[in-house]
Each structure stands twice: as C-alpha cells, then as structure tokens.
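Analysis of the macromolecular model
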Amino acid sequence: MRVALFPDTRSVVVLTAPGEHSSPGEHSPRGAALHRLPREEELRDLAISLPPAAWRVSDHRGEQMTGVLLDSAAVEPLLQEGAGTPAGLIPAVISRRTAADTMDILECSQMNRTYHLTAWNGNTRFCGACAAPMEWSTVETAKVCTTCGMVQYPRINPAVIMAVVREGKLLMARAHRHPEGMFSVLAGFVEAGENLELAVSREVHEECGLLLRNITYFSSQPWPFPDSLMIAFTAEHAGGEIVLEESEIAEAGWFGPGEIPPRIPDTYSVARRLIEWFVSEYGTEAQLRKLLTR
Ligand SMILES: [Zn+2]
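Owing to the predicted nature of the structure, the values given are computational and were not obtained by experimental measurement.

**Points about the coordination of the zinc ion**
Every protein donor of the zinc ion is accounted for by Cys127 (SG), Cys130 (SG), Cys145 (SG) and Cys148 (SG), and the metal-donor separations fall at 2.3 to 2.4 Å. One can describe the donor arrangement at the zinc ion as tetrahedral, given that its four donor atoms subtend angles of 100 to 118 degrees at the metal. One chain supplies every donor for the zinc ion, spaced along it as C-x2-C-x14-C-x2-C.

Here is the structure:
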C-alpha cells in the first residue's frame, strides 16, 4: 500500500533519500524516480496516524495507492527537523507539477488518479438526488446511493487548449491570474451542449475576438487539479484582429518561433507541447533546440 498525502490542491508529500534530492527537476531526468510516495509502514515509523476512513478511499478494488487530504497543520510534524524513516528517507512537500517532472511516470499517473478520486470522494458523500449517504461500488470505480441506488462516476471536466497560428506566428496570451511575463496558449472549459471544435472556436472568439479554420486534434492530457481533462488542438487564424476580453486576458499577441517569451508553461503540460509543436513546424532546428533545452 502506498499513500499520497495532499496538504493542499497543488502539493504532495514525497520521500527522498539523502543526497539524491538536489534541486527537483533540474538534475533529475524524467523517470529517474528520485522522489517517491511514502508507504503505510513508513508513515507509522514517522508516528503519523491517519483516520481509518482514509484507508479505503481508493483501495475499494485493490488499487495500490490511497490518497489522504490533509490540512497543512497535520503535515508540520512530518517535516520537522530530524524526522526521517529508519531507512533514512526524508519527507518533503513538493508541488505535484514538480513531482510530474521527477517521479516515475506510472507512479506520477497513479498519484494524479489518487488525488482525483480522493477529492471526488470527499465531494460525493451524499446522493444529489435524495441526500442519503453514498458508498463505493463493489464492481466498478463509482459510488452508489444507499437508498435510491443512483450511481455516480468520478466527474471529469473537459477543457480545450489550442495553438492558433497566423502567418507563421503563434497566438499567446497572459491571463490576469498569471504573473507578469508568463504567456501561454488559450484554454477554456467545454460548455454543456458543445462539441470540442465549437468549444475551441468559442473560446478563441470570446477571449481574443478571432475566427478559426482547420481545427485539428493534437493530443490530450489528464489534468486532475482537481478534475480536468485537457484536449489540445491546432488551428489556423481565419479572420479578425485581437480584441481582448479584458476581464480575463491581460495581454495577447502573435509570437514567431524565435520570439517565444521566457516564461511559458512547464514541460509537463500539454500547453508546453503545443508551443514546442509550433516551433518544430514553423521554426528552425536551432530555435527548436533552444526551446527544448530551456
Ligand atoms: Zn439517492
């Protein structure tokens, strides 16, 4: 049994061996698994006791990992100086995005799934139809109402993200929620009744006033922070000039392959892969190499 402890929506408690943990993400190649999640017995060694209910969050069908949402205060003792398991492993809180860059890909995927199911479990304690308690299904990843029998599956919210190109330049924008200088491609949630292509068109038109053509599927990525699935597209500009939706977008513009801003999304994200795709399609080999070695 492995346990992922989540002190907040963006962090996870992991264990590292001394000497292996320099600067997460900098020197450790992806898949090197220098960080790993604590095991139940290691938590016992650290005198961390968790409520019994926590142990059945995701082990209802024999899954190997249990997730526990903690408040920050509960994490403090774990991180006190001198805390360490007999094996010499050191617990630390790292961001889940950093974990994605430094942990084994399967473990990372399981961690994300665990977080998704843990958060969803906490939000579906009672039936939305009759308000009776829900319990885990014994046959599938779902919860069943103990009174009316309604079945609920883990909620996954689809969101689209898109690389829009005009005459060899990429549309990038900075949302108000992002710090100064941080640019990315546009993205937004799919609305009820929309297909994915319509969601792409609407989002770009709403946020930047542009029309599109050749909307083409690119790739996808689970984004369980807490429960999204990102579906990525490429598209061509078909009309209009940039008109910002000022409540959401602080600035936007067209960037050539040699003009990609210094602050862009993490290597882990599908947003980054769209930017890399753009430079590989429209830039030189040197420009692509420069981006890939950032
Ligand atoms: Zn019910």
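**Examining the confidence of the model for the chain**
Within the chain, residue pLDDT values average 86, and 86% of them lie at 70 or more. The low-confidence segment residues 21-28, where pLDDT is below 50, has ten contacts with residues more than four positions distant or belonging to other chains. Here the predicted complex carries an ipTM of 0.99, next to a pTM of 0.81.

**Regarding the sheet that holds strand β7 (residues 143-145)**
Taken together, the three strands give an open sheet; going across it, the order is β6-β7-β8, and neighbouring strands pair in antiparallel fashion. Each end of this open sheet is capped by a strand with a single partner; those strands are β6 (134-136) and β8 (151-152). One ladder, built from two bridges, connects β7 with β8; its direction is antiparallel. Bridging across to β8, lysine 143 finds its partner in glutamine 152.

**Let's talk about the packing of aromatic side chains**
Tallied over the full model, the rule gives seven aromatic pairs. Ring geometry for phenylalanine 6 against tyrosine 115: centres 4.8 Å apart, planes inclined by 80 degrees, an arrangement best described as edge-to-face. Taken together, the residues span a long stretch of sequence, with phenylalanine 6 in strand β1 (residues 2-6) and tyrosine 115 in helix α4 (residues 105-123) at a distance of 109 residues. With respect to class, phenylalanine 6 is no different from tyrosine 115; both count as buried. Measuring from ring centre to ring centre gives 6.3 Å for phenylalanine 218 and tryptophan 277, while their planes differ by 65 degrees; the resulting arrangement is edge-to-face. Of this pair, phenylalanine 218 sits in strand β12 (residues 211-223) while tryptophan 277 sits in helix α6 (residues 270-282), and the two are 59 residues apart along the sequence. When the ring centre of tyrosine 115 is taken as reference, the NZ or CZ atom of arginine 96 above it lies at 4.1 Å. Positioned above the aromatic ring of tryptophan 120, the side-chain terminus of lysine 143 is 5.7 Å from the ring centre.

**Regarding the pairing of β1**
Taking burial as the measure, the five residues of β1 include five buried ones, the bulk of the element. With five bridges connecting them, β1 and strand β4 (residues 65-69) associate as parallel partners. Bridge assignment links alanine 4 to a residue of β4, and that residue is glycine 67.

**Let's talk about the environment of glycine 258**
With respect to the helices, strands and loops of the structure, glycine 258 is situated in the loop between β14 (249-255) and α6. Linking glycine 258 and leucine 211, residues 47 residues apart in sequence, is a C-alpha distance of 25 Å.

**Brief notes about unusual backbone geometry**
Even without being glycine, alanine 131 reaches a positive phi, approximately 70 degrees. Following the sequence through the fold, alanine 131 ends up in the loop between α4 and β6. Exposure remark for alanine 131: the relative accessible area of 54% places this residue in the exposed category. Unusually for a residue other than glycine, asparagine 214 sits at a positive phi of about 55 degrees. Within the secondary structure, asparagine 214 is located in strand β12. When its relative accessible area of 47% is taken as the criterion, asparagine 214 is described as partly exposed.

**Some words on the pattern of salt bridges**
Within the structure shown, the criterion is met by 14 salt bridges. For aspartate 227, the salt bridge identified is with arginine 155, shortest N-O distance 3.7 Å. Residue aspartate 227 is found in the loop between β12 and β13 (228-239), and its partner arginine 155 is found in the loop between β8 and β9 (157-166); the two are separated by 72 residues along the sequence. Here aspartate 227 falls in the buried class, since its relative accessible area comes to 13%. When the shortest N-O distance is used, the salt bridge between glutamate 241 and arginine 166 registers 3.0 Å. Of the two residues, glutamate 241 is situated in the loop between β13 and β14 and arginine 166 in strand β9; the sequence distance between them amounts to 75 residues. Several salt bridges share partner residues, and in doing so they unite Glu191, Glu194, Arg202, Glu203 and Glu206 into one network.

Here is what the cut-offs are and how they apply
Residues numbered from 1 in each chain as written. Predicted model: local features only at pLDDT ≥ 70, side-chain atom pairs only at ≥ 80, totals over all residues. Heavy atoms only, no water. Donors = N, O, S within 2.8 Å, 3.2 Å for Na, K, Ca; no water. Tetrahedral: all angles 85-135°; square planar, octahedral: opposite > 155°, others 65-115°. pLDDT = per-residue confidence, 0-100. Contact = heavy atoms within 4.5 Å. Pairing = 2+ DSSP bridges. Helix = DSSP H or I, 4+ residues; strand = E, 2+ residues; numbered from the N terminus. Phe/Tyr/Trp six-rings, centres within 6.5 Å; stacked < 30°, edge-to-face > 60°. Buried < 20%, exposed > 50% of the residue type's maximum accessible area, 1.4 Å probe, protein only. Lys NZ or Arg CZ within 6 Å of the ring centre and 35° of its normal. Salt bridge = Lys/Arg side-chain N within 4 Å of Asp/Glu carboxyl O.

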